[in-house]
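Next come the chains, spelled out residue by residue.
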Amino acid sequence: MAGNGEAPNDIENQRAEHIPLIISIEKELKDLPILSPSCCIYRVPERLRRVSEKAYTPQVVSIGPLHHGKDSLKAMEVHKKRYLQAFIFRTKASVEEYIVKMKSQEEKLRNCYAETIEFTSDEFVKIILVDAAFIIEVLLRYYFHALQDENDRIFNKPWMLQDVWPDMRLLENQLPFFILEELYAKVSSNFTEGKSLIDLSHNFFTSLMHIEGTEGNLQNIGSSTVDHFVDFCRNLYLPPPLERPAKGKLETLNTPSMTELHRAGVKFKVRSSKNLFDIQFQGGMLEIPKLAISDEIELTIRNILAFEQCHCLENFINDYVVVMDRLVNTPKDVELLVKYGIVENRLGDSSGGSTLINSLADGVIVDSKDFCYATLCKDLNYYCSWTWHKWKANLRQNYFNTPWAVISFTAAVILLVLTLIQAVCSIVSAVQVIITIVINLFPIDIKRKMEDESSYQVPHDIENPHTPLLTSMRSMLYNLSPLSSSCCICRVPRRLRRVSEKAYTPQVVSIGPLHHGKEALKPMEEHKNRYLQDYLIRTNLSLEHYINKIRRREAELRGCYAETIPFDSDEFVKIVLVDAAFIIEVLLRYHFHELQDENDRIFKKPRMFEDVWPDMRMLENQLPFFILQDLFYPKRIQVPFEEENFSIVNLSYTFFRALMNIEDLEDTLETISSSTVDHFVDFVRKLYPPPPKIAQARAQHKSAIGASMRQLSISEVPQARGQTEIPTPPSMTELYRAGVKFKVGSGKNMFDIQFNKGTLQIPKITFSDQSEVNLINLLVFEQSQCKETENYINDYIGILNILVNSPEDVSLLVKYAILVNKLGDSKKGCTMIKNMGDGVNIVDYNKFHFAPLCEKLNEHCAKSRHKWLALLRQNYFNTPCKTISVIAAACIILFTLIQTGSKQYAHNSLTGEQVIWIYTYWHNIADLQKGRNHDCLRFELSSSCCIYRVPKRLRRVSENAYTPQVVSIGPLHHGKESLKPMEELKNRYLKIFLSRTQVTVEALIAVIREKEVALRSCYAETIEFTSDEFVRIILVDAIFIVEVLLRFYDLNCREDNDRIFSKPYMLQDVWPDMRMLENQLPFFILDHLFEPHKDTLSGGKSIIDLSHHFFKNLMHIEVAEETLRTIDPHEVVHFVDFVRKLYPLPPWRSENRWLLETLATPSMTQLSRAGVKFEVGSNTNMFQVKFKHGTLVMPKLTISDQTEVTITNLLAFEQSQCKDEEKYINDYFVFLNCLVNTPQDVALLVKSGILDNKLGNNKKGFTLIKNLVDGVVDNKDYFYFINLCDDLNKYYTMGRHQLKEYLVTHFLYSPWATKEIIAAVIFLFLTLIQTMFSIMSYCHDLKSKH
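Residues numbered from 1 in each chain as written. Predicted model: local features only at pLDDT ≥ 70, side-chain atom pairs only at ≥ 80, totals over all residues. Heavy atoms only, no water.

Draft legend 1. Examining the overall build of the chain more closely. When you go through the chain residue by residue, the secondary structure sums to 62 helices and 15 strands. Buried positions account for 54% of the 1346 residues belonging to the chain. (Helix = DSSP H or I, 4+ residues; strand = E, 2+ residues; numbered from the N terminus. Buried < 20%, exposed > 50% of the residue type's maximum accessible area, 1.4 Å probe, protein only.)

Encoded structure:
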């Protein structure tokens, strides 16, 4: 490799070329300030700050230089100067004396701040003096009330102390403690009464923060050991060294919550120790010291956490917050802590307490190798793993929790015993009678037969220009630069970015040119320059050498980026050199700890590494891997110990494997070559190779379903809806209810998900704050660079998104140890999965790697017996107590039956015929099924020709649904900054079309000039562009559309470097913009430009055929051939109108033109409660909705991220242009909106198969449906579904339907519930018979006596 050889012997002949750049870089390196090891005041890391900005930002007063000069804090400067005046008067010293002292300590003071202070010497000294005097005066006046002035604005009206003292605890708002000590020494002992500054600080913070029992800690705190007030507060919380919890290796972070511990029988108690960290678990008793939670506690702990992570080696507060976060997941957990006196909740409600505790842990770093509560977590998990503890707790909490429950349980046991005794006695007294009746009724041969039965178990040259427009367009086409096939770094598409902006945007450091120069990232440039300086020294090579290296490959480097880099050559080379050296140094220092400098700001204080490395995994923040390889010289680098494979690949593997908790993949590493790696995102993806089983299973699946590939022209095009639709499998909760068992897969490969014999095996996965950044950038890289058949990460996130719909699903994954949820609670885990799922793109089911798995899961859940057995096991045999209860109930029924039968036989009241009748009755119960008829509704629609702005009432509901994100089509959005990058690509398509058709630009311009008036009249508003501008827009955009349709239809028309259909695969972002009402061209101009060349370009296929092929496959619409034949290109206005015509239009029936007074149709849930059944209609026409015989039949509907764009623009078109009787799409979604009022209604639609919800969860589906008709005007004069609404309302208002459904859903919802009801009725009936016979017997005996 180039990077492994020695440096060239002589590069002096190239030095002159690089002199300006060399001087620039060398000056920056020379001017770098010296780093100091005494820094202790830091900026809060961005990952913590974004959780709670206010917790780290002063609101009233600035202390120190970091926030000095802010407008919101200037009001306090007058009060601080008054306090300085009082302090000078109190100490009898001059201002000059204090300034001299400050000047002598200036360098030491500046070194205490982790970043360079930009203030001049005089400004800096003034800030420190004023703020230090202010702090000392506050402490003195708080301790000695006599020093408070009646006009003091801090301690008297307006009592600003409550606003000032929280700002004194903020990490960014601190002064070094030593300077306070030196100034405090000037205060006379007459004022201080011998109290030290430590004493005053202790009194101030303990009383205001309500901290108790810290006097013992105070003895261990010396002024020399305190850095500032945040450090002082931390030391107040820390226990003495001998009482600190022992650290250990954390096996798992999945600690049971308080509620789960309570269910497992763990008892809770307030620990008497004042040591906050002294949490003990012994003998089933969890003892936790008392904790008060309030807004003040949040602010204090957050800043101590930030200080620990930036400065300290022992993270006690960090670990305490983590373990409390694991114990508290819901408000019920807080209620338990409050109930047992462990937590004093000053926030009021439990929900606020739960939110506070969980949010404290957001952004914290867990060191699993050195965790304070490792033993505690292990003991709690071990205790909860014993089923016996849960059973015992369930018995105590559910059956012995009140005196009445104890009495009821005792009574039930006594009843069982007495019934048993009574039954035995009855059997003994009637046994002879029974034997006699049996012998008389059944001959021996019949008896034998019954016994036997009972044992059976069933380009070309362009002419000279004639017009300015022609000259302009020729120049534009001529100056297009060639595209590179090596592009691998691109911008994240907007459809993905808007889901999670932070997952794609670097927070601390920029790598490469795409984010270089951003204000938020500039502070890191100094550290990157230091790393470059160190790398030059380490390799002993000149700056000229590296610049020359990069210069030679500059064109190749620029070609790796999907967009044009605006930096000039020197700027670009400088960016690449600095960033590449920075990356190599980070890898080296992480691998060899001995290379880390004690003043290293990345790996040492303030340990910025935890904020740097996530940015190194972002797709937009990458350098091509080959340049790292070229600049890496392993033979020149002196390392502490020699390694066999000392390469950039091995360093990268060690780096990402350790930080991302990836299992040992040495075999995989051997297959990775530096020449095949594009960048770090690609490298990480290659660490997750798909197992061979997936490819085999996929091949078998495709063979089984007979999915044959089409001809070359459409081989990569998604198939029609019926073939590509993914049969969505049930979620984890639904699988659990269907009796599926869950198990951690033994394989290390996360794709190896298997389902065999009712057990779903999923390899172990870990979720943390960093997981989303990692997976979602891998996902984007796959979608922009990889073929559909290689989208393993995409498909993996897709299957996770399908399995997880709610926090309960995440809880199941955690329960069965499949998921290690370091996020804390299940809700965060669910949210993360759903956010990642928003970016998943599964176009073709035949290429979905988990398609066989989905089908197996659906097949299992389709069998009712699995659900019945699971229901029986989970509801009736889930604890020993319930098992005993079921057995006891069965025994009571059995004994009562025997007892009743015995008495009947004894009194000769039961004949042999009656016995035979009972026997026959129990073997002749049959189920009834009802037939269902379906009617069809049809109506017809006509179209009109216009392109409108979307009404504001619709736009404000969902701006993104009407605004193009990537490409402008037509004049309405032309020229917008966000859409300009696509203009170059549109020009390329025009250039290729001219070459393909051998037509001149003049000819095309002439066609559009001729139609200009007609074209302008198609837009509802006046187009302000000049004639030349307008013609140019129409020409470029129309040819772009034609080329897109043509390339989608015929693969041979595509180029290798096509940015739409090849890397970065922008089609998924382009085609949604082509469906927006404001982003249209009149259809007739496309037809005029394409028709003369259709035989050459598409083998005779018309623009209608290409459009149909394009939208049908991308939107998964089934369109009958007769429907397509009815579409006349002269009647199509634009693509929105064309898509509308693809939906088969039923003929209008005049009797449906009724006036609709109100839209008050019952929802799906209400209809379900009234006994209405739901079925999927076999007709693909979505308007064929009918209701008959209590069954609502609706054709299947699919909703996805793309559905909203399509439907909202169709609705806007109908609202703007169509007559009332033609608004059939409007009527359908208004009717659907009536049916859906809650996420539960969406769940019913999904359950019945009517709705295929590709959004993932029901809440998103509900929100989408409600948003679709938000702002839509109801069509009450001609509402198509008026008859249907009337029928549904009539059915719903009949009380007997609701009563019948209530009986079924509450008492007959499963075979076991049905049997319970039957058993109860039989038990009541037999008890009644038994009572009657007892009365008759008593009367008979009484009569005999008389």
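Draft legend 2. Summary view of helix H22 (residues 468–478). Along H22, the residues classified as buried are Leu 469, Leu 470, Met 473, Arg 474, Met 476 and Leu 477. Angularly, the buried residues of H22 cover 160° about the axis, an arc narrow enough to put them on a single face. Away from the buried face of H22 by more than 90 degrees, exposed residues Pro 468 and Tyr 478 are located. In the core, the buried residues of H22 are packed alongside helix H45 (981–997), helix H46 (1001–1010) and helix H48 (1027–1049). (Arc of directions from axis to C-beta. Contact = heavy atoms within 4.5 Å.)

Draft legend 3. Representation of the environment of Glu 1002. Inspection of the secondary structure puts Glu 1002 in helix H46. When the C-alpha positions of Glu 1002 and Leu 470 are compared, they lie 7.0 Å apart, and in sequence the two are 532 residues distant.

Draft legend 4. How the structure looks around the sheet that holds strand S12 (residues 1186–1188). Spatial strand order, S11-S13-S12: 3 strands in an open sheet with mixed pairing. Across the chains shown, the open sheet's two edge strands, defined by having one partner strand only, are strand S11 (1173–1177) and S12. Adjacent strand axes in the sheet meet at a mean angle of 25° when their direction is disregarded. As paired strands, S11 and strand S13 (residues 1191–1195) are joined by 5 bridges and run parallel to one another. Bridge pairing in S13 places Gly 1177 opposite Pro 1195. (Pairing = 2+ DSSP bridges. Axes fitted to C-alpha atoms, helices over the stretch in contact; angles between N-to-C directions.)

Draft legend 5. Highlighting the side chain of His 1093. If you trace the backbone, His 1093 turns up in the loop between helix H50 (1083–1090) and helix H51 (1094–1098). The buried category is assigned to His 1093, whose relative accessible area is 15%. Not counting residues up to four positions away in its chain, the partners in contact with His 1093 are Phe 993, Thr 997 and Val 999.

Draft legend 6. Representation of the packing of aromatic side chains in the model. All told, the structure shown has 45 aromatic pairs when counted by the stated rule. Put simply, the rings of Tyr 590, Phe 603, Phe 609, Phe 625, Phe 655, Phe 656, Phe 680 and Phe 683 pair up and form one aromatic cluster. A cation over an aromatic ring shows up here: Arg 110 above the ring of Phe 124, its NZ or CZ 4.5 Å from the ring centre. (Phe/Tyr/Trp six-rings, centres within 6.5 Å; stacked < 30°, edge-to-face > 60°. Lys NZ or Arg CZ within 6 Å of the ring centre and 35° of its normal.)

Draft legend 7. Spotlight on the pattern of salt bridges. For the structure on display, the rule yields 56 salt bridges. Put simply, Asp 278 and Arg 271 hold a salt bridge, and the shortest N to O gap is 2.8 Å. Overall, the relative accessible area of 14% leaves Asp 278 in the buried class. The salt bridge involving Asp 1137 is made with Lys 1141; its shortest N-O contact spans 2.9 Å. Of this pair, Asp 1137 and Lys 1141 both sit in helix H54 (residues 1135–1142), 4 residues apart, which is roughly one turn of that helix. Considered together, Asp 1137 and Lys 1141 belong to a single accessibility category, that of buried residues. Salt bridges linked by common partners bring Arg 43, Arg 49, Glu 53, Glu 115 and Glu 172 together as one network. (Salt bridge = Lys/Arg side-chain N within 4 Å of Asp/Glu carboxyl O.)

Draft legend 8. Quick look at the packing of H54 against helix H56 (residues 1201–1217). Between H54 and H56, the shortest axis-to-axis distance is 10 Å and the interhelical angle comes to 100°. It follows that H54 is roughly perpendicular to H56 by the angle criterion. Residues Val 1136, Asp 1137, Val 1139 and Arg 1140 of H54 form the contact with H56, whose own contacting residues are Thr 1206, Asn 1209, Leu 1210, Phe 1213 and Glu 1214. Residue composition of the contact of H54 with H56, grouped by class: 4 nonpolar, 2 polar and 3 charged. (Parallel < 35°, antiparallel > 145°, perpendicular 65-115°, else oblique. Nonpolar A, V, L, I, M, F, W, Y, C, P; charged D, E, K, R; others polar.)

Draft legend 9. Quick look at the environment of Pro 1082. Position of Pro 1082 relative to the elements: it lies in the loop between helix H49 (1067–1073) and H50. For the pair Pro 1082 and Arg 1016, spaced 66 residues apart in sequence, the C-alpha separation works out to 9.6 Å. The residues touching Pro 1082, leaving out its near neighbours within four places in the chain, are Ile 947, Leu 1015, Cys 1018, Tyr 1019 and Val 1133.

Draft legend 10. Structural detail: the sheet that holds strand S1 (residues 267–271). The 3 strands lie next to each other as S1-S3-S2, forming an open sheet whose pairing is mixed. In this open sheet, the two edge strands, each paired with only one partner strand, are S1 and strand S2 (280–282). Along the sheet, successive strands turn relative to each other by an average axial angle of 20°, direction set aside. Bridge count for S1 against strand S3 (residues 285–289) is 5 bridges, and the pairing is parallel. Its bridge partner being in S3, Lys 267 is matched across the sheet by Met 285. Sitting on the sheet, helix H18 (residues 374–385) touches S2 and S3, and the angle it makes with S2 is about 35°.

Draft legend 11. Representation of empty space enclosed by the protein in the model. In this model, the largest cavity occupies a volume close to 80 Å³. Listed by contribution, the elements that provide at least two residues to the lining of the largest cavity are strand S4 (291–293), helix H14 (295–311), helix H15 (316–327) and helix H17 (350–360). In terms of residue class, the lining of the largest cavity is made up of 10 nonpolar, no polar and no charged. (1 Å grid on protein atoms, 1.4 Å probe; cavity = no way out; pocket = protein on both sides within 12 Å on 5 of 7 lines; lining within 4 Å. Points joined across faces, edges and corners; volume = space filled by probe spheres on them.)

Draft legend 12. Representation of unusual backbone geometry. Its identity is not glycine, yet Lys 92 carries a phi of approximately 60°, on the positive side. Located in the positive-phi region is Lys 757, a residue other than glycine, with phi close to 50°. Examined against the element boundaries, Lys 757 turns out to sit in the loop between strand S7 (754–756) and strand S8 (759–763).

Draft legend 13. Main features of the packing of helix H3 (residues 77–91) against helix H6 (residues 121–143). Look at H3 against H6: their axes get within 8 Å of each other, and the N-to-C directions meet at 75°. With respect to each other, H3 and H6 are oriented roughly perpendicular. Each of Lys 80, Lys 81, Tyr 83, Leu 84, Ala 86, Phe 87 and Arg 90 in H3 lies in contact with H6, whose residues at this interface are Leu 129, Val 130, Asp 131, Ala 133, Phe 134, Ile 136, Glu 137, Val 138, Leu 140 and Arg 141. Class assignment for the residues of the contact of H3 with H6 results in 11 nonpolar, no polar and 6 charged.

Draft legend 14. How the structure looks around the nonpolar core. Counting residues in each nonpolar core, the largest one holds 126 residues, and the members touching the most others are Leu 588, Leu 628, Phe 655 and Leu 760. In this structure Leu 760 touches Met 732, Leu 735, Val 740, Lys 741, Phe 742, Lys 743, Ile 753, Gln 754, Phe 755, Leu 853 and Leu 857, once residues within four positions along its chain are discounted. Ala 961, Ile 969, Ile 1060 and Leu 1268 belong to the second largest nonpolar core, which has 123 residues in total. (Core = buried A, V, L, I, M, F, W, Y, C linked by side-chain atoms within 4.5 Å.)

Draft legend 15. Spatial organisation of the environment of Ile 288. Within the element layout of this structure, Ile 288 appears in strand S3. Taking the relative accessible area as the measure of exposure, Ile 288 reaches 0% and is therefore buried. Taking the C-alpha atoms as reference points, Ile 288 and Gly 341, 53 residues apart in sequence, are found 9.6 Å from one another. With near-sequence residues (within four places) excluded, Ile 288 lies in contact with Lys 269, Val 270, Arg 271, Ile 279, Leu 327, Leu 337 and Ile 342.

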